[in-house]
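Observations on the model geometry
As a plain string of letters, each chain reads:
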Amino acid sequence: MFSCKKESVNEGIIDPPEKELEDPKITSISPTEGGPLSIITITGENFSIKKDQNEVSINGINARIISSNSTTIQAEVPANAETGAVTVRVQSKSVTGPVFTVLEVKIIVYMSETFAGSGTKGYADGDATSAKFNLPEGVAMDSHGNIIVADRDNHVIRRVSPTGEVSTIAGIVGEKGFADGAFGTAKFFSPLKVAVDAQDNIYVTDRDNQRIRRIDAVTGVVSTVAGDGTKGSKDGSAAEAQFSNPIDVVVATDGSIYVTESGNHRIRKISNGVVSTFAGSSAGYKDGTGTEAQLNDPSGIAIDKDGNILVADRRSHRIRKITPAGVVTTIAGSGAGYVDGPSESAKFSHPWGVSAGKDGAIYVADAGNNVIRMMSPDGIWTTIGGDSGRVAGHEDGNPSKYNYPTDLVVDNKTGNVYIAGYNNEAIRRIVPTEK
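An account of the accompanying structure is given in this report. (Residues numbered from 1 in each chain as written. Predicted model: local features only at pLDDT ≥ 70, side-chain atom pairs only at ≥ 80, totals over all residues. Heavy atoms only, no water.)

Once that is clear, we can look at the overall build of the chain. What the chain contains, in helices and strands, is 0 helices and 35 strands. Each of the three principal axes of the chain carries a C-alpha extent, and together these read 110 × 50 × 50 Å. By residue count, 52% of the 435 residues in the chain fall in the buried class. Looking at the chain as shown, the accessible area adds up to about 19100 Å², and 48% of this sits on carbon and sulfur atoms. Charge separation in the chain, taken as the distance between the mean sites of 43 positive and 53 negative side-chain charges, equals 4 Å. (Helix = DSSP H or I, 4+ residues; strand = E, 2+ residues; numbered from the N terminus. Buried < 20%, exposed > 50% of the residue type's maximum accessible area, 1.4 Å probe, protein only. Areas by Shrake-Rupley, 256 points an atom, 1.4 Å probe, with all protein chains shown as cover. Lys, Arg positive; Asp, Glu negative; His and termini not counted. Charge placed at Lys NZ, Arg CZ, Asp CG, Glu CD.)

Here it is, written out as C-alpha cells:
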C-alpha cells in the first residue's frame, strides 16, 4: 500500500497581518454645553461606521449613540451627566477630547386647562364657562392677545378675549353660504383655519366655498382674497383661481399668503393678486423643489423664525419644511405612530396643526394621537398635553386628555399654547410652569 501526503493549498503562504486599528481623534464637539438629553456632535477621525463599535462617555458616564460614521458621532447627553471631558472609544482604542459643560435644566410642567367653552356642542357667546362652540377647528392670535377661532359647523368666526370672553365677529350663525360684506351680511361655509397679519386683518380658509376670505381689522368687512368658488386647481389671477379644499393659511412678513390645499396636495401662494403653486404636485411623499416635491393632504401651516414654511403633512404623518426658495425637506416623522425623541425617530398620526415659536421650537396638534407635541430648538420632541396612551377625552391638569385637537398657536410672550379642541367643543390652553 502506498500513502501520500495531501498538501495544503495554503502551504507556504503567509496570511497578511491585519491592518492595525488607527487611533481615534477628536477635533471638536458641538455644542460645548447643554442640558441632559440634548444632542452633542463629535467631529474627528477614525471612528467606526458601525455604531455599536463606538462608545461615548461624558465624565465617565456612557452616552447613547444616535448615529456614526468615520468622522462624526451624534450622541445623547445622559440624563445623569456631569460636566467633564468627552471620551470616544473605538474597540480597544480611546481618545479624550474637550470638556462638555452640563447646564442645569429647569423643570417645566405643562398644565392643560379649558380656556373657553362649556364642552357642550352648540352656539353661545359670553363668558368662558358659558360659551359654546360647534367643532372649533382653527385658532390664531392677534396683537392684542385675542384668540381668533374658526367655528366650523356654526359657520362663523369667533374672538376670545384674554379673559375668556367669547364674541362673534363674522358670519351668520348656522347659515352656511357665501356673501361678502359687513357683520350680519357676510356668510361662510365650513371655515376651517384662520391667520392674522401684522395689521390684525384676519384671513380665513373658507373650505366649502373654495375661497380665501379676509376680515378687515378696522371695519370688520369680509372680502374675498382669492378663488372663484369652483373646486379646481387653476393658478392665475386671484379672482379666477381655483382651490380644492383649502385647509390652512398663513401670512408672511412681505404680505404673501400661503395656503395648504388638501384636495390638490399642494401649497399655494397668493402674491400681488396672483395665485401660484408654490410646492407639491400630487398625493405622495417626496422631498424636492417646488412641484417636484409631493405632499399628502397637507393641513397645518406656519412660518418659523427664519422665514421657512412649516407644514403638518397629515397623511404622510410628517412635519415638512419649505424654504423661501421652495425647497421641501422633512423635519420629523417616519410614518404613522407615536414616538417622542430626536426628530429622525419621532412619529406622528395625522398631525393637523402646527405653530412656530420665536426660539425655534415647533408645536404640533397630533390629532390622531390625541396629544400636543413640542420640538425643542435642539430637535427633541416631547408630549406636552394629552394622554401618552393616546386615549381621547377632556381632562385638564397634568396628565391631561384631548379629543382630536386640530390646531394650535403659541403665544411667544408667555409661552402659553392655545388649542382648537375640535371634539372637546372648547378652546384649550397649555400653561408652562417652572417647577
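Attention now goes to the environment of A186. By the secondary structure assignment, A186 is in the loop between β13 (166-170) and β14 (191-196). C-alpha separation for the pair A186 and E104, spaced 82 residues apart in sequence, amounts to 54 Å. In this view, A186 contacts G171, I172, A179, D180, G181 and V222; residues no more than four positions away in its chain are not counted. (Contact = heavy atoms within 4.5 Å.)

Note that S48 resides in the loop between β3 (39-45) and β4 (54-58). Here the side chain of S48 touches Q53 through a polar contact of 2.9 Å, side chain to side chain. With residues up to four places along the chain from it excluded, the contact list for S48 reads Q53, N54, S68, N69 and V90. (Polar contact = N/O pair within 3.5 Å; in protein donor to acceptor, adjacent residues only side chain to side chain.)

Inspection of the secondary structure puts Q91 in the loop between β7 (84-90) and β8 (93-102). Along the primary structure Q91 and S67 are separated by 24 residues, whereas in three dimensions their C-alpha atoms are 16 Å apart.

Glancing now at the sheet that holds strand β17 (residues 222-226). Judged by pairing direction, the sheet is antiparallel, and its 4 strands sit side by side in the order β14-β15-β16-β17 without closing on themselves. Where the open sheet ends on each side, the last strands, each with one partner, are β14 and β17. With strand direction ignored, the average angle separating the axes of adjacent strands in the sheet is 30°. As paired strands, strand β16 (residues 211-215) and β17 are joined by 4 bridges and run antiparallel to one another. Its bridge partner lying in β17, R214 is registered against S223. (Pairing = 2+ DSSP bridges. Axes fitted to C-alpha atoms, helices over the stretch in contact; angles between N-to-C directions.)

What follows covers the pattern of salt bridges. Should the charged atoms of two oppositely charged side chains come close, the side chains can pair. Evaluation of the coordinates by the stated rule reveals 25 salt bridges. Note that E395 is salt-bridged to K401, the shortest N-O span being 3.8 Å. Among the charged side chains, a salt-bridge network with shared partners connects D125, D151 and R158. (Salt bridge = Lys/Arg side-chain N within 4 Å of Asp/Glu carboxyl O.)

All right, on to the nonpolar core then. In terms of nonpolar packing, the biggest core is built from 19 residues, with I40, I42, V56, V86, V88 and F100 touching the most fellow members. Secondary-structure elements contributing two or more residues to this core are β1 (25-30), β3, β4, β5 (61-68), β6 (72-76), β7 and β8. Once residues within four sequence positions are removed from consideration, I42 is found in contact with I26, S28, I29, F47, V56, T71, T72, I73, V86 and V88. In terms of nonpolar packing, the next biggest core, distinct from the first, is built from 15 residues, F115, I147, V409 and Y418 among them. (Core = buried A, V, L, I, M, F, W, Y, C linked by side-chain atoms within 4.5 Å.)

So, on to the sheet that holds strand β26 (residues 318-322). Strand order in the open sheet formed by 5 strands is β23-β27-β26-β25-β24, with antiparallel pairing between adjacent strands. Two strands in the sheet have a free side with no partner beyond their single neighbour: β23 (288-289) and β24 (298-303).

When strand β20 (residues 257-261) meets strand β21 (residues 266-271), the two strands line up antiparallel, connected through 5 bridges. By the bridge assignment for β21, E261 is matched with R266. Taking the residues that link successive antiparallel strands as the turn, the β20-β21 hairpin has 4 residues, and the phi of H265 there is positive, at about 55°. Sheet topology note: the β21/strand β22 (residues 274-279) ladder contains 5 bridges and is antiparallel. Opposite I267, over in β22, you have A279 as the bridge partner. Following β21, the chain reverses through 2 residues before pairing antiparallel with β22; N272 in that reversal takes a positive phi of roughly 55°.

Here the focus is the packing of aromatic side chains. Under the definition given, this model contains 5 aromatic pairs. An angle of 75° between the planes, with centres 5.1 Å apart, marks the rings of F115 and Y418 as edge-to-face. With F115 in strand β9 (residues 108-116) and Y418 in strand β34 (residues 417-421), this residue pair connects regions lying 303 residues apart in the sequence. Across the pair, exposure class does not vary: F115 and Y418 are buried alike. Aromatic side chains W352 and Y404 sit 5.8 Å apart centroid to centroid with 65° between the ring planes, which places their arrangement in the edge-to-face category. Here the residue W352 occupies a position in strand β29 (residues 351-356), and Y404 occupies one in the loop between β32 (380-385) and β33 (407-410), the gap between them amounting to 52 residues. Taking the relative accessible area as the measure of exposure, Y404 reaches 24% and is therefore partly exposed. Among the aromatic side chains, those forming a connected cluster through ring pairs are W352, Y404 and Y422. Geometry around Y285 places R318 over its ring, the cationic atom sitting 3.8 Å from the centre. (Phe/Tyr/Trp six-rings, centres within 6.5 Å; stacked < 30°, edge-to-face > 60°. Lys NZ or Arg CZ within 6 Å of the ring centre and 35° of its normal.)

By themselves, these are just geometric observations and shouldn't be taken as functional.
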